[in-house]
Amino acid sequence: MMLLSIIKKDFLLIKRYMLMFVAFIIVEPILVNIYSRGNTAILGFFMTVIILEYVLNSMVWQLEDKYKGSVLLCTSPYTRKTLVKAKYLFVFVIFICSCIIYSIVSFMAPVNMIKINIFEIGISLLIVAIFFDIVIPALYRFGFIKLRNILVIIICIIPITGGYISKWLQASNINFQYITSLPSIVQNLGPYIITLIITLISMTLSINIYSKKDL
């Protein structure tokens with residue numbers, strides 16, 4: 001219940017921008033789909049999610065840093081462990097919302113959009129998790145202000161490199177025989193299991209860093 005209260009607080013911090021973000025989730029994948037000529041669904045979905053995740057989380061971190069929100073929360077009944085868990089859960093809640101909206105858009109869009117499957121969603125979730133499983137402990141260690149410029153550069157590079165990598169994979173016709181030879185349940189659940197493991201490791205590290213930090 002405490003986790004939900006903190007996540008609700010994070011959404012309240014950015015509520016004035018929510019309509020703009022929903023519009024972004026709707027328009028961005030359609031534009032990417034047109035640009036890629038419908039060759040890939042995962043690229044449009046991933047680019048939409050990673051940008052949205054970064055912007056929303058950055059706004060929350062920045063506002064909390066500006067108004068000393070974390071310091072105030074630590075004086076409340078919320079433990080530091082709970083605050084850290086809420087940061088990770090916030091990332092996953094945004095991802096789930098993005099999946100739902102993207103799925104609706106893919107069925108109702110005026111252009112022919114390829115639908116994403118469970119495996120592609122899992123791969124996108126895994127990449128997003130890897131990014132934030134590195135970023136969140138770093139933010140707790142160094143603070144948002146020190147890392148802000150570095151994160152902006154990284155988030156600008158990801159969509160550009162993602163497009164080139166996707167085209168290269170298609171042009172190279174790389175054989176993923178090892179992955180495709182695995183049972184379908186392993187293929188579909190594998191990314192989610194790996195995501196859970198690395199997130200738990202990252203969460204433990206963040207809790208350890210934050211519990212020792214002098215606010």
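Since the model is a prediction, treat every value here as computed from it, not as a measurement.

> Explain the nonpolar core residue by residue, including any values.
Formed by 36 residues in total, the largest nonpolar core has its most connected members in F95 and V128. Listing elements by their share of this core, those giving two or more residues are α3 (42–66), α5 (80–108), α6 (118–142), α7 (144–172) and α9 (184–212). The biggest single contributor to this core is α6, with ten residues. Grouped together as the second largest cluster of nonpolar side chains are ten residues, L52, L56, V60 and I94 included.

> Could you give an account of empty space enclosed by the protein, with specific residues and numbers?
On inspection of all chains with the given rule, the structure shows three cavities of 30 Å³ or more. If you add up the space inside the second largest cavity, you get close to 50 Å³. Along its surface, the second largest cavity is lined by Y54, N57, S58, W61, F131, F132, V135, L139, F144 and L151. Contributing elements (two or more residues each) for the lining of the second largest cavity: α3, α6 and α7. Here the lining of the second largest cavity is built from residues that sort into eight nonpolar, two polar and no charged.

> Would you mind going over helix α1 (residues 2–13) in detail, with residue names and values included?
Along its twelve residues, α1 runs 17 Å from first to last C-alpha, staying within 8% of the 16 Å computed at 1.5 Å per residue. Every buried residue belonging to α1 is among I6, I7 and D10, and all of these are buried. Around the axis of α1, the buried residues are gathered within 100° of arc, so they sit on the same side. Looking at α1, the residues exposed on the side facing more than 90 degrees away from the buried face are L4 and K8.

> So what's going on with the packing of aromatic side chains? Which residues, and what values?
Applying the stated rule across the entire model yields five aromatic pairs. Ring centres 6.4 Å apart and planes at 45° place the aromatic pair Y17 and F21 in the tilted group. One Lys or Arg, R80, reaches over the ring of Y210 and ends 5.3 Å from the middle of that ring.

> Give me the environment of S98: which residues, what numbers.
Relative to the helices and strands, S98 resides in helix α5. On the accessibility criterion, S98 (1% relative accessible area) is buried. As for S98 and F21, which are separated by 77 residues in sequence, their C-alpha atoms are 9.9 Å apart. Ignoring sequence-local partners within four residues, the contact set of S98 consists of I25, F45, V49 and L52.

> Any details on the side chain of D10? Residues and values, ideally.
Within the secondary structure layout, D10 lies in helix α1. When neighbours within four sequence positions are excluded, D10 is seen to be in contact with V60, E64, K87 and F90.

> Before we move on, can you summarise the side chain of D133 with the specific residues and values?
By the secondary structure assignment, D133 is in helix α6. It is K87 that comes nearest to the buried, bridge-free D133 among opposite-charge side chains, at 14 Å.

What counts, and at which threshold
- Residues numbered from 1 in each chain as written.
- Predicted model: local features only at pLDDT ≥ 70, side-chain atom pairs only at ≥ 80, totals over all residues.
- Heavy atoms only, no water.
- Core = buried A, V, L, I, M, F, W, Y, C linked by side-chain atoms within 4.5 Å.
- Buried < 20%, exposed > 50% of the residue type's maximum accessible area, 1.4 Å probe, protein only.
- Helix = DSSP H or I, 4+ residues; strand = E, 2+ residues; numbered from the N terminus.
- 1 Å grid on protein atoms, 1.4 Å probe; cavity = no way out; pocket = protein on both sides within 12 Å on 5 of 7 lines; lining within 4 Å.
- Points joined across faces, edges and corners; volume = space filled by probe spheres on them.
- Nonpolar A, V, L, I, M, F, W, Y, C, P; charged D, E, K, R; others polar.
- Expected span 1.5 Å × (residues − 1).
- Arc of directions from axis to C-beta.
- Phe/Tyr/Trp six-rings, centres within 6.5 Å; stacked < 30°, edge-to-face > 60°.
- Lys NZ or Arg CZ within 6 Å of the ring centre and 35° of its normal.
- Contact = heavy atoms within 4.5 Å.
- Lys, Arg positive; Asp, Glu negative; His and termini not counted.
- Salt bridge = Lys/Arg side-chain N within 4 Å of Asp/Glu carboxyl O.

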